[in-house]
Amino acid sequence: MQKPRTLTVRVDALARVEGEGALHVRVRNGQVHELRLEIYEPPRFFEAFLRGRRLEEAPDITARICGICPVAYQMSACNAIESLLGLSIPGPLRDLRLLLYYGEWIESHALHVFLLHLPDFLGYESALHMARDYPEWVQKGLQIKKAGNALMARIGGREIHPINVRIGGFYSVPSRKAMLEHREEIARARDSIVEALRWMAGLEFPDFEEDYEFVALYHPEEYAILEGQIRSSKGILIPVSAFEEVFEELQVPHSNALHSIVRGRGSYMVGPLARFNLNFAQLAPLAQEVAASIGLTPPVRNPFRSLLVRGIEILHACEEALRLIERYEPPDRPWEPVEVRPGIGYGASEAPRGILYHRYRINADGLIEEAKIVPPTAQNQRRIEDDLRKMVPRWLSLPKDQITWRCEQAIRNYDPCISCATHFLRLELQELG
Amino acid sequence: MPKRRKPKLAVWKFASCDGCQLTLLDCEDELLALAGEVEIAYFLEASRAVVRGPYDLSLVEGSISTPEQIEQIHEIRRQSRFLVAIGACATAGGIQALRNFADVRGFLDLVYARPEYIKTLEKSLPASAYVPVDFELRGCPIGKGPLLELLSAFLNGRRPNIPNHSVCIECKRQGIVCVMVAQGIPCLGPVTQAGCGALCPAYRRGCYGCFGPMETPNPTSLGDWFLARGMASADLVRLFRTFNAYAPAFKEAGERYAEATDVDRSG
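The structure reproduced in this document is the subject of the present report. These numbers come from a predicted model, not from an experiment. (Residues numbered from 1 in each chain as written. Chains lettered and ligands numbered in written order. Predicted model: local features only at pLDDT ≥ 70, side-chain atom pairs only at ≥ 80, totals over all residues.)

Here we come to the overall build of chain B. Across its full length, chain B carries twelve helices and five strands. Against the 2.2 N^0.38 benchmark of 18 Å for 267 residues, chain B shows a C-alpha radius of gyration of 20 Å, consistent with a compact globule. Along the longest, intermediate and shortest principal axes, the C-alpha atoms of chain B span 70 × 55 × 25 Å. Evaluated residue by residue, chain B yields a buried proportion of 53% over its 267 residues. (Helix = DSSP H or I, 4+ residues; strand = E, 2+ residues; numbered from the N terminus. Rg over C-alpha atoms; globule rule 2.2 N^0.38 Å. Buried ≥ 20, exposed ≤ 12 C-beta atoms within 10 Å, placed from the backbone.)

All names here are of chain A. Look at helix α13 (residues 376-391) against helix α14 (residues 400-412): their axes get within 10 Å of each other, and the N-to-C directions meet at 145°. As α13 runs across α14, the sense of the crossing is right-handed. For the pair formed by α13 and α14, the contact residues are Ile384, Asp387, Leu388 and Met391 on the first element and Cys407, Ala410 and Ile411 on the second. Residue composition of the contact of α13 with α14, by class: six nonpolar, no polar and one charged. (Axes fitted to C-alpha atoms, helices over the stretch in contact; angles between N-to-C directions. Left-handed = near helix turned anticlockwise from the far one by under 90°. Contact = placed C-beta atoms within 7 Å. Nonpolar A, V, L, I, M, F, W, Y, C, P; charged D, E, K, R; others polar.)

Okay, the sheet that holds strand β6 (residues 215-218) of chain A next. Residue and element names in this part refer to chain A. The strand order β6-β7-β8 describes an open sheet built from three strands, whose pairing is antiparallel. At either margin of the open sheet sits one strand with a lone partner, and together these are β6 and β8 (237-238). As judged from the two bridges shared by strand β7 (residues 229-232) and β8, these two strands associate in the antiparallel manner. Residue pairing across strands places Arg231 opposite Leu237, the latter belonging to β8. Strands in contact with helix α10 (residues 272-279) are β6 and β7; relative to β6, the strand with the most contacts, it is inclined by about 55°. (Pairing = 2+ DSSP bridges.)

Let us look at the pairing of strand β12 (residues 354-362) of chain A. If a strand is regular, its side chains alternate between the two faces of the sheet. Residues and elements named next belong to chain A. In terms of burial, β12 is a largely internal element, eight of the nine residues being buried. Of the strand pairs in this sheet, strand β11 (residues 343-351) and β12 are connected by nine bridges, and their pairing is antiparallel. Along β12, the bridge assignment pairs Ile344 with Arg361. In sequence, β11 turns back onto β12 through a hairpin of two residues. When β12 meets strand β13 (residues 368-374), the two strands line up antiparallel, connected through six bridges.

Residues and elements named next belong to chain B. By the element assignment, Pro132 lies in the loop between α5 (104-111) and β5 (135-137). The exposure class of Pro132 is exposed, given the 8 C-beta atoms found within 10 Å. Along the chain, Pro132 and Ala102 lie 30 residues apart, while their C-alpha atoms are 27 Å from each other.

Membership of the largest hydrophobic core comes to 219 residues, with the highest contact counts inside it found for Ile81, Ile106, Ile312 and Cys407 of chain A together with Val60 of chain B. The residues touching Ile106 of chain A, leaving out its near neighbours within four places in the chain, are Ile144, Ala147, Gly148, Ala189, Ile314, Ala317 and Cys318 of chain A. (Core = buried A, V, L, I, M, F, W, Y, C linked by C-beta atoms within 7 Å.)

It is worth spelling out the packing of helix α6 (residues 135-156) of chain A against helix α8 (residues 183-200) of chain A at this point. The axes of two packed helices give the description: the angle between them and the distance between them. Residue and element names in this part refer to chain A. Relative to each other, α6 and α8 sit at 140°, their axes nearing to 9 Å. The angle between the axes of α6 and α8 places the two elements in the oblique class. Of the two elements, α6 crosses α8, and the hand of that crossing is left-handed. Contacts between α6 and α8 involve Trp137, Lys140, Gln143, Ile144, Ala147 and Ala150 from the former and Glu185, Ile186, Arg188, Ala189, Ser192, Ile193 and Ala196 from the latter. When the residues that make up the contact of α6 with α8 are grouped by side-chain class, the tally is eight nonpolar, two polar and three charged. (Parallel < 35°, antiparallel > 145°, perpendicular 65-115°, else oblique.)

What follows covers unusual backbone geometry. A cis geometry characterises the amide bond from Pro298 of chain A onward to Pro299 of chain A, with omega recorded as 0°. Locating Pro299 of chain A in the fold gives a position in the loop between α11 (285-293) and α12 (306-327). Going from Cys140 of chain B to Pro141 of chain B, the amide bond is cis rather than trans, its omega being 5°. Of note, Pro141 of chain B is situated in the loop between β5 and α6 (144-155).

All names here are of chain A. Take Leu278: it is sitting in helix α10. By C-beta crowding, Leu278 is classed as buried, having 21 other C-beta atoms within 10 Å. Sequence-distant contacts of Leu278, that is, excluding residues within four places in its chain, are made with Phe214, Ala216, Tyr218, Arg231 and Ser233.

Take helix α3 (residues 70-85) of chain A next. Residue and element names in this part refer to chain A. End to end, α3 covers 22 Å across 16 residues, agreeing with the expected 22 Å (1.5 Å per residue, within 8%). The element α3 is largely enclosed, with a buried count of 16 among its 16 residues. Once α3 ends, the next one or two residues include Gly86, with phi positive near 70°. (Expected span 1.5 Å × (residues − 1).)

This is the structure we're talking about:
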């Protein structure tokens, strides 16, 4: 019989993730002895310096937490502040926000699927290495990404840190003609992702399933993205304002980001898999159809298959974007008037990586007195560690470089955005080894 | 003709949002061609393959905000033939430089249950505060066009052609109606460096200074003009203190109006 294995897996700087993190795993006699996803991204103190800023500044400032999903920050901020002010965003303005957000989903998911995650499945160090053998798929991925970016740039002014979002709506709105110009490119992206999904479904997915608690927003009329209640696969159904009563953030010494848990229960998963499993019936018909045709039906409990679920969400976003563009007529005014009201505003939206929660306390002068932001990667962080703790023992017969490769691949299942997760703090670095 | 060695490109990250390095990946039409011209030797956001230095060109994103990062930026400088700082964080300290105006320990106590774990520098500063920098590409975020111009200039051994005049000039060239003159919207365009394409005025809002101060700006002249038209000095402080708050010209303007605000309050 083989002797139980003892080894240390160290990835000092995780690649193909947004931000800076490291992984440390110690296995002794076949048992995982120690496992830490270390986030050493330096703190940037957003919640602290939001204090004393005007409520109108929140969308521009919080966008800077993340270059990959700035719209998510802008939408959650608007959502929180507008709910406090009693502002509702009517028809075409809401459609424009959805379109901007779908642009970000397409851009962010295409980046992750084709440039960051796919190389793991095919054995390449990067998409640039992969492009030597699979130029057509890398090209297609880039073109899909470009279609999302173009939509963001049209509505938001630019892809990264859009300038056109304001509390109450937008500074200015595009013409119908300008929006119609995107139809062709988005339709092409839709066709490419359908093709890619059929191909990717044939890849080898490591065998692993887990009984996750999936948590996502729920909206009665759509596959929730802009707003909704918070729902979980284990019975949670609460308004966003109850988020902090049900979920708790814990500080751990090895990470600069806080870990989230369901109070009294433990880790949970937010993001594409959670949305897909909880809200499948609300996906665009074509997205449901393609999912079924590649054998992807809820519940999907293998996190590696998130690659495909992101593809399905790209497809959904393209379909919805096309539908909204078709019916778009510019609204009478680009924004709803804003009247300051003191109090606490709660908001959440579905960032590409999952629920992004904001809370603001605003005073009578319209100044922010307190802000709290819980990004999706902080919520998934404990879950990532729990996955790895269960996966590593199964892989112990593999060579060490293969174990390391799979650990990285498993972390990328969550498309972690470490820049987001660490928006405020830094702990002492522990020396690995 | 002997094959020329491909220059080695490295992309480094300090305290930042990743948006400026993402700009490179957002060059969807040019990315694969670029990968043919340079060896992407270190770019963790895109590749786990790491090639050892020295590097011909290092792009540095993010501000220096921890003790380890000071050592790291020195090491990168030693390893790099050209070092270019990209974005407001790397060229001015970024939005996180707002801590430079406050007591950073106080910030930690606000957001963290165990602040004693935390190690951070008093100030968030640009790369140039610690090492010589060969060129600075401004913006929050940088633009695709200027980034490609920089890379193309590097590959062709010439100076990048990046304007350092104001957003106003960009705005006028495009024939955009001045938001300040026509609608009375406060706009930092007259003192902010061009590079965005006068995006905010094109969308009917005032410029808020993503690209930092232009060459030889006069921000207090503009600020006084806003004050005379009824803007509160506290709002003026906020206007200058965003993503380039610690860039010298904006820093001085912010300090001047912060003093004015204190005088108003006490008196």
